[in-house]
Amino acid sequence: MWSRLREVFARELVVLVDPTNPQHARRRKQLTASVGAIFTLGMAAAMGVAPRTAYDDPQAPRLQESLRMPDVRAQLEQLTDAEAVYVREERMQRGDTIATLLRRLGVDDPDAQAFIVKNPTARGLFNLNPGQAVQAEIDESNMLVSLQANLGGDAASSRELVIERVEPASPNGSTSYKARVQSVENDLRYEMASGAISAGGFFKAMDAASVPDEVVQQMISIFSGVIDFHHDIANGDRFRIIYEAGFRDGDFVRNGRVVAVELINRNQLHQALWFAPDGSKDGAYYTFDGRSMKRPFLRSPVEFSRVSSGFGGREHPLHNYWAQHKGVDFAAPTGTKVFATGDGVVEFVGQQNGYGNIVILNHANGYSTYYAHLSGFAGMQQGQRVSQGQVIGYVGQTGWATGPHLHYEFRFNDVPQNPLTITLMEAPTLTGKARQEFLGYTSEMLSRINALRTYNVLTAAN
Ligand SMILES: [Zn+2]
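Residues numbered from 1 in each chain as written. Predicted model: local features only at pLDDT ≥ 70, side-chain atom pairs only at ≥ 80, totals over all residues. Heavy atoms only, no water.

Overall, antiparallel pairing links the three strands, which are arranged 12-18-16 in an open sheet. Edge strands, defined here as strands with exactly one partner in the open sheet, are strand 12 (337-339) and strand 16 (376-377). As paired elements, strand 12 and strand 18 (residues 391-394) share three bridges and run antiparallel to each other. Residue pairing in the sheet places phenylalanine 339 in a bridge with valine 391 of strand 18. (Pairing = 2+ DSSP bridges. Helix = DSSP H or I, 4+ residues; strand = E, 2+ residues; numbered from the N terminus.)

In structure tokens:
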């Protein structure tokens, strides 16, 4: 049954909406939205998992979050004619203090300012990042009525800081303020995007399909055990990706986790599905038949980004054949992050003739990895444990190097292997109860995915 579903899933990939056609893209959005509203995801366990390594939970770049506008009309109805409330929104800027922020919001209210500086909850404002929005309601005398800021969260819910003026009990009483943090539920929806890699490269294709950056980062991370994005991605590769997005009152709040993704890379189909066993906070990505996507080694030790993708190329003639020098070169700008490809222990960190700055890691079962020509180390010390995906250094051109690149060696019993072609150890498979659960979940998820695809196919045919 699973192989049949997998077949269907793969075959129909080619009849999806053309993401470069704006009309299709618009219809896709509308339909995805309405389908998403029908399905409520039982994914609570999957949310809110703290990122651990670059592998299984990428640290997506921080988003600018849209805020829910207060219902001004309802508030205005409650006001007498003499009073009016104005709503202003400003974004945090680098170097902002509470005073400068309040000034930009048009608030001239020393009592409110003093409250925010002293109150432990209200001081949460200090932790906002540049670009995050803050809304204030002010009255005609520029006094603060209320203030709202989104403190973050995940696709399923947001935490909002609310500071409110408390009207005095008697005309002669003094005004006070109160602050609270409230959790606000979002509506979770599925978004789907698909496309093909063309001559413009991987990131161009993602842009053409309107895949948000933080979703692209997840996709790269999910496949990092089986695909070396620097060397493997080719013209004609196709992808389809389904991810969660949180909405509130119909407005987008933030994107969430990739739920399912498939990539046909050089005619080979790779599929992954997020799954967290019942009662577990730690989910992971699995193939549709229940094998973990995680491998003992990453396929690439170099961060794959907009800047590093396609860097160098013909301008930097590097050693293309591992046999000539026992390693593989990854051209990338100086400073690009270098990851430990597997869990291990630092065997050597320092300078070696030819290699320049080098880190050597020892792994289980006789494996070791070499990372050479580094511009710097990420605080490594000999004997230190490192985990897969951990940053260990930065690309450079120390030693015998004609341009910035990472020289990477993958050794077994100290004999260099070709990491580009080696078939790495098979992934562990779910067994027993977890496997039954997984298959049940997969079945349900695939029918949802199929529903999404049906809508897309219909719109594409219109
Ligand atoms: Zn090399």
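Tracing the chain through its elements places alanine 112 in helix 5 (residues 110-118). Given a relative accessible area of 1%, alanine 112 falls into the buried group. Separated by 34 residues in the primary sequence, alanine 112 and serine 146 have C-alpha atoms spaced 9.7 Å apart. (Buried < 20%, exposed > 50% of the residue type's maximum accessible area, 1.4 Å probe, protein only.)

Attention now goes to the nonpolar core. Among the nonpolar cores identified, the biggest contains 30 residues, and Phe202, Val211, Met219, Phe223 and Phe239 are the most heavily contacted of them. Elements supplying a minimum of two residues to this core: helix 6 (202-208), helix 7 (213-222), strand 7 (238-248), strand 8 (251-265) and strand 9 (268-275). Counting residues per element, this core draws most heavily on helix 7, which supplies five residues. With sequence-adjacent residues up to four places away left out, phenylalanine 202 is seen in contact with Ile197, Val216, Met219, Ile220, Phe229, Ile233 and Phe304. One finds Ala112, Ala136, Leu151 and Tyr177 within the second-largest nonpolar core, a separate group that totals 22 residues. (Core = buried A, V, L, I, M, F, W, Y, C linked by side-chain atoms within 4.5 Å. Contact = heavy atoms within 4.5 Å.)

Time to look at the packing of aromatic side chains. Inspection of the entire model under this criterion finds 19 aromatic pairs. Here phenylalanine 203 and phenylalanine 304 contribute two aromatic rings whose centre-to-centre distance is 5.2 Å and whose plane-to-plane angle is 25 degrees, an arrangement assigned as stacked. Highlighted residues: phenylalanine 203 in helix 6 and phenylalanine 304 in the loop between strand 10 (284-286) and helix 8 (322-325), separated in sequence by 101 residues. You'll find phenylalanine 203 and phenylalanine 304 in the same group, each marked buried. Between the aromatic rings of phenylalanine 330 and tyrosine 408, the centroid separation amounts to 6.3 Å while the plane-to-plane angle is 65 degrees, which identifies the pairing as edge-to-face. One end of the pair, phenylalanine 330, is in strand 11 (residues 328-331); the other, tyrosine 408, is in strand 19 (residues 405-412), with 78 residues separating them in the sequence. (Phe/Tyr/Trp six-rings, centres within 6.5 Å; stacked < 30°, edge-to-face > 60°.)

Now for unusual backbone geometry. A positive phi angle, close to 70 degrees, is found at asparagine 267, a residue other than glycine. With respect to the helices and strands, asparagine 267 occurs in the loop between strand 8 and strand 9. The phi torsion at asparagine 413 lies on the positive side, around 50 degrees, for a residue other than glycine. Its place among the elements puts asparagine 413 in the loop between strand 19 and strand 20 (415-417). Judged by its relative accessible area of 53%, asparagine 413 is exposed.

Here we come to helix 7. The buried fraction of helix 7 is high, at eight of 10 residues. Among all positions in helix 7, only Glu214, Val215, Val216, Gln218, Met219, Ile220, Ser221 and Ile222 are buried. Buried positions along helix 7 lie against helix 6, strand 7, strand 8, strand 9 and strand 10.

The next point concerns helix 5. The α-helix advances 3.6 residues per turn, and as a result positions three or four apart in sequence lie on the same side. Among the residues of helix 5, Ala112, Phe115 and Ile116 are the ones counted as buried. Relative to the axis of helix 5, the buried residues are bounded by an arc of 95 degrees and lie together on one face. Projecting away from the buried face of helix 5 at angles above 90 degrees are the exposed residues Pro110, Asp111 and Lys118. Each element contacted by the buried residues of helix 5 is listed here: helix 4 (98-104), strand 3 (144-153), strand 4 (157-166) and strand 5 (176-185). (Arc of directions from axis to C-beta.)

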